[in-house]
Amino acid sequence: MVFEDKMITNGEPEEEEEEEEEEDMVDPLETVRQKCEETDHCVHARERLEACETRVGSRSETTEDCTEELFDFLHARDHCVAHKVFQSIK
């Protein structure tokens, strides 16, 4: 015997459940970080980091790493972010 699930509608037409599309929430911190990365100071720090990565990547044996350049870039970006992030939070 096969049982079927039937919905009793009491004479009303069946309503299909509509799935609302959730809007992608954007992290304000990420937005501010992207804007700060475009400032002159951050662009200069990123260029130094990329030059270091290129230099280190081109050598087969080296003890050099780009830690200092990475920290300089992150410091420059976070310094910019610190002044702007709380203005965008409501």
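Please read all numbers here as calculations on a predicted model, not as lab measurements.

Enquirer: Whenever I open this one, the state of the cysteines confuses me. Can you help?
Expert: Taken as a whole, this structure holds 2 disulfides when the rule is applied. The disulfide partner of C52 is C66, and the S-S distance across this bridge is 2.1 Å. Judged by the sign of its S-S torsion, about -95°, the cystine formed by C52 and C66 is left-handed. Separated by 14 residues along the polypeptide, C52 in helix 2 (residues 40-58) and C66 in the loop between helix 2 and helix 3 (67-88) bring together distant segments of the chain. Judged by its relative accessible area of 0%, C52 is buried. The connectivity of the disulfide bonds within the chain can be written as 1-4, 2-3, using the sequence rank of each bonded cysteine.

Enquirer: Before we go on, may I ask you to explain the confidence of the model for the chain in this structure?
Expert: Should the pLDDT be low somewhere, the predicted coordinates at that spot are not to be read in detail. Residues at a pLDDT of 70 or more form 72% of the chain, whose mean pLDDT is 82. Across the chain, the secondary-structure element scoring lowest on mean pLDDT is helix 1 (residues 28-36), at 90, and the one scoring highest is helix 2, at 95.

Enquirer: Help me understand the environment of F71 in this model?
Expert: Checked against the element boundaries, F71 lands in helix 3. Residue classification places F71 among the exposed residues on the basis of a relative accessible area of 52%. Measuring from C-alpha to C-alpha, the distance between F71 and A45 comes to 9.4 Å, with 26 residues separating the pair along the chain.

Enquirer: Is there a simple way to think about the pattern of salt bridges in this case?
Expert: It is possible for side chains of opposite charge to pair when their charged atoms get near one another. Evaluation of the coordinates by the stated rule reveals 7 salt bridges. In this structure, R33 and E30 form a salt bridge, with 3.3 Å as the shortest nitrogen-oxygen distance. Highlighted residues: R33 and E30, both in helix 1, separated by 3 residues, approximately one helical turn. Two residues, D78 and R77, come together in a salt bridge whose shortest N-O distance is 3.5 Å. Residue class for D78 comes out partly exposed when judged on its relative accessible area of 35%. Each of the salt bridges in this network shares a partner with another, and the network as a whole consists of E37, R46, R77 and D78.

Reading the values: rules and limits
Residues numbered from 1 in each chain as written. Predicted model: local features only at pLDDT ≥ 70, side-chain atom pairs only at ≥ 80, totals over all residues. Heavy atoms only, no water. Disulfide = S-S within 2.5 Å. Helix = DSSP H or I, 4+ residues; strand = E, 2+ residues; numbered from the N terminus. Buried < 20%, exposed > 50% of the residue type's maximum accessible area, 1.4 Å probe, protein only. pLDDT = per-residue confidence, 0-100. Salt bridge = Lys/Arg side-chain N within 4 Å of Asp/Glu carboxyl O.

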